[in-house]
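# Architecture and fold: a report
This is what each chain is made of:
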Amino acid sequence: MAQQVRGRNEFAQQQRRPAASHSNRKSSIAAILMMSAALLIFLALVSYNASDEANADIHARDLFKVFSGDPLVKAKADTAQNWLGLVGAILSDVLIKSTVGYSVFCLPLLLMMWGWTILRGGEYRRLLTITNYAIVSALLLASSFGMTRLIGWVIGMEWSGVVGDFLANALAQLLGRVGGSLVLFTGLIIVAVLAVDLDVRQTAERLKNAYLHLMDWLSRKRDALQEARALKKETAPTVKAEVKISKPPLEEPLAVAKRSAPLFQRAAAEEFGDNKEEQSAGIPSLTDEQRKKIKFDVVKTAETAEVELDDRPIPQELNAREDIDYVFPSVELLDAPRPGKEEVADDELKANADLLRDTLAEFDVELESVSVTPGPVVTLYELVPATGVKISRIVSLENDMAMKLAAKGIRIMAPIPGKSAVGVEIPNHNPALVSIRSVINSTRFRDTTAKLPLAMGKTISGEVFTDDLSKMPHLLIAGATGSGKSVGINTILASLLYRLHPSDLKLVIIDPKKIELTQFARLRSHFLAVSPDVDEEIITNPRNAVLVLKGVEYEMEKRYDKLAAAGVRNIVDYNERFKNGKLQNTETVVHAAMPYLVVVIDELADLMITAAREVEEPIARLAQLARAVGIHLIVATQRPSVDVITGVIKANFSARIAYQVASKTDSRTILDMNGAEQLLGNGDMLYLASGSPKPVRLQNAFISTDEVDAVMDHIGKQKGYTTPFTLPSIVEKKRNAETASGGDRDELFEEAARLIVRHQQGSVSLLQRRLKVGYSRAARLVDELEAAGIVGSFDGSKAREVLVESESELEAILSN
């Protein structure tokens, strides 16, 4: 019986062996096919080329037409650049764009791993976990790239795919772009942490151990600090002091002590600073013995150490080293670009081109070709005249072309710089608004390496245009009322605030109109430079403007002294040497990092009417010399006449912006050429860069009052510097000059000053006749008036220039 049972079992095993062997062969074949497919998909994805998109636009069933010699399929197959030909082009295009973008590379890797595992008969459990993590990671990465595209970064759809774009849009609609980005970032971090060991429990244990190690380290540090405090109390009564006068170093109090003494000695030095028992025992305190070097012998048992402390008043330059936690403004504070189609309709472009050609043909002016460059506000039509046609004939027909096109105004460039063509700029019927957010959030502005980047706007071709104020180095702006001049200044200031830290930039803002730039007063503790001679943050009084400009001029002189002492030629080299610790302080010069100083004057005409001589002199001097020390001017006026933009000012402002002006004369005053009178207003401008022969037409970026308020609120609510950046005092400078000259004035000084100001004639002979004094005494009086800043310096046989225009201003000077 047992033999029969054993026989039946052996027969059954023999019957099952062929079936099992057949199943293994099927698995092996499937694994090999899977690995081969993985390799083919990988090659197709690696050789993906965006230019194959046109070749991939074919249905799968049409692939069989290649056997029938279909010319269309054959042409696509011949031009396909994918390593797998037309099939590879179609496959890679579908997998990348129609799924999860470049994250689909995980597909061939997973297929290869599954095929290898099946071929070797390995364990599937761990591979299933890896597959799940790979799928989740691919979805998160694709969604992250989709969110990046929504935010405004210029990347192709190949990074996100259709799935990534869909998930990103869904998250943005539910949580907003910020919330969606945070969710995706959190998801990526979680997946990365879990993927370390593919086990949630092990990851949790790892995080727990890290937390315990951190708490143990903090406990040890706390115990060491408590021991140091106990040791400090033990050593404090044994402190002795010996006053010794020597050359004081230029370091802050306690700095040397904290750096060079052992722990118990540092504790004793710190305790000495506020130990009242020791002060009452006769030990000099740090606040009582200023400008002296104190040498302490800190005694503990048999150990002795010497600690040097300096308690001189800290110069203003050292106060500038105060660090603040500053958060740059976000583009979310600005309004999103308004929805609308910025591109000009093709029908409008074609109609204008035909009208130009027909109008010129009526006057026997033939054209070889007409090309079009559409922009947000203005479209450029490039006309290539036929052989033998003079450019002057096309220019003379400007008014005829404007009438035919029914345009507000056209501008002709004859020829276009760098091209053999004549440019005709024609306004669009439906101009688009260029928002400040679209310019600041652009790659060109974010990636610029400029020291003082300015977000100017967009060109007529729709490209973002930026420039560097530090290379201009000064900017002159002119335009009629309502042309966009004040908005342009706000745009310039906003672009600087978005890129520079308060420690790198200070602003002097002069606004005689009192309403355009008052919002910037909230920057007092961060970006504004104030003068001790006036009580205004935003300067609105013309007299105060004169004092502030002279204060900036004095600041320029002091900066040049520092550059000379450091042996460098510009602010960049100076700050670099200071950062590397290569500058040594002296008795007369204390080195500190120099911030850029930008002076903004919103209405120069009002200052020139009130105090032309006093304003022109510091502006001209700053424009000539201030570039090397990081001081730059932005001067604007709505009246570009020769009595406002004088020859001295104009010669030193090579970079200029012209908004719409009333006449050709005004255009020539600001640009030295016509063209600004043909502008459209509302931010349409011509920008003449330094050293450029022809201006560039731009559409200025628009920033609203609400957007400016939002940026000011963001900055103003943050903790700023304890004291604002302060310009040197002109009043104090004059007072020191008087003290240096002896301080004894002639008893007729005030009477002579009133006489000179009343007659506006700085003449020695006038004082001789009116005061009935000799030549020597009258000459001494004139010298005293020059030292007081009432008259100018000696100018040969000419009478000295009187610097004070009214007796009320004189009384203010005499009272000081």
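Below is a short write-up of the structure.

When you go through the protein residue by residue, the secondary structure sums to 29 helices and 18 strands. Each of the 816 residues in the protein was classed as buried or not, and the buried ones make up 43%. For the protein, the proportion of contacts with a sequence separation of at least 24, taken over those separated by at least 6, is 67%. Accessible area for the protein stands at about 42,900 Å²; split by element, carbon and sulfur atoms hold 54% of it.

What follows deals with the sheet that holds strand β15 (residues 655–658). The strand order β9-β8-β17-β16-β15-β10-β14-β13-β11 describes an open sheet built from nine strands, whose pairing is mixed. On the outer flanks of this sheet lie β9 (464–468) and β11 (505–510), each paired with one strand and no other. Adjacent strand axes in the sheet meet at a mean angle of 30°, parallel and antiparallel pairs treated alike. Sheet analysis places strand β8 (residues 453–459) next to strand β17 (residues 696–700), joined by three bridges and oriented antiparallel. Opposite T459, over in β17, you have L698 as the bridge partner. Taken strand by strand, helix α18 (residues 485–499) contacts β8, β10 (475–478), β11, β13 (596–601), β14 (631–637) and β17, and its axis lies near 130° from that of β8. The sheet contacts of helix α23 (residues 664–671) involve β10, β15 and β16 (684–688), and relative to β15 the element is tilted by about 160°.

Turning to helix α21 (residues 604–625), a few remarks are in order. For α21, built from 22 residues, the straight-helix expectation of 32 Å at 1.5 Å per residue is missed by more than 12%, its first-to-last C-alpha distance being only 20 Å. Considering bend angle alone, the principal kink of α21 is centred on A611 and spans about 120°. A side-chain oxygen of the first residue of α21 lies 3.0 Å from the backbone nitrogen of A605; this N-cap is E603.

Look at helix α27 (residues 764–771) against helix α28 (residues 775–787): their axes get within 9 Å of each other, and the N-to-C directions meet at 120°. In terms of orientation, α27 lies oblique with respect to α28. For the pair α27 and α28, the crossing hand works out as right-handed. Along the contact surface, α27 presents V764, L767, Q768 and L771, while α28 presents Y775, A778, A779, L781 and V782. The class makeup of the residues in the contact of α27 with α28 is eight nonpolar, one polar and no charged.

Side chains of a nonpolar character, in soluble globular proteins, are inclined to be buried together. Within the largest apolar cluster, 105 residues are counted, with the highest numbers of intra-cluster contacts made by L475, L507 and F520. L748, F749, A788 and V804 belong to the second largest nonpolar core, which has 23 residues in total.

Our focus in this paragraph is the packing of helix α26 (residues 749–759) against α27. Where α26 meets α27, the axes come as close as 11 Å, and the angle between the chain directions of the two elements is 120°. Pair α26 / α27 crosses with right-handed handedness. The segment α26 lies against α27, with E751, A752, L755, I756 and H759 engaging L766, L767, R770 and L771. By residue class, the composition of the contact of α26 with α27 is six nonpolar, one polar and two charged.

All told, the structure shown has 27 salt bridges when counted by the stated rule. Between D672 and K650 there is a salt bridge, with the nearest N and O atoms lying 2.6 Å from each other. Placement of the pair is D672 in the loop between α23 and β16 and K650 in helix α22 (residues 647–651), with a sequence separation of 22 residues. Assessed through its relative accessible area of 17%, K650 is described here as buried. Through salt bridges with shared partners, a single ionic network connects R411, E425, D684 and R697.

Parameters and conventions
Residues numbered from 1 in each chain as written. Predicted model: local features only at pLDDT ≥ 70, side-chain atom pairs only at ≥ 80, totals over all residues. Heavy atoms only, no water. Helix = DSSP H or I, 4+ residues; strand = E, 2+ residues; numbered from the N terminus. Buried < 20%, exposed > 50% of the residue type's maximum accessible area, 1.4 Å probe, protein only. Contact = heavy atoms within 4.5 Å. Areas by Shrake-Rupley, 256 points an atom, 1.4 Å probe, with all protein chains shown as cover. Pairing = 2+ DSSP bridges. Axes fitted to C-alpha atoms, helices over the stretch in contact; angles between N-to-C directions. Expected span 1.5 Å × (residues − 1). Bend = angle between axes of the 7 residues up to and from the residue. Polar contact = N/O pair within 3.5 Å; in protein donor to acceptor, adjacent residues only side chain to side chain. Parallel < 35°, antiparallel > 145°, perpendicular 65-115°, else oblique. Left-handed = near helix turned anticlockwise from the far one by under 90°. Nonpolar A, V, L, I, M, F, W, Y, C, P; charged D, E, K, R; others polar. Core = buried A, V, L, I, M, F, W, Y, C linked by side-chain atoms within 4.5 Å. Salt bridge = Lys/Arg side-chain N within 4 Å of Asp/Glu carboxyl O.

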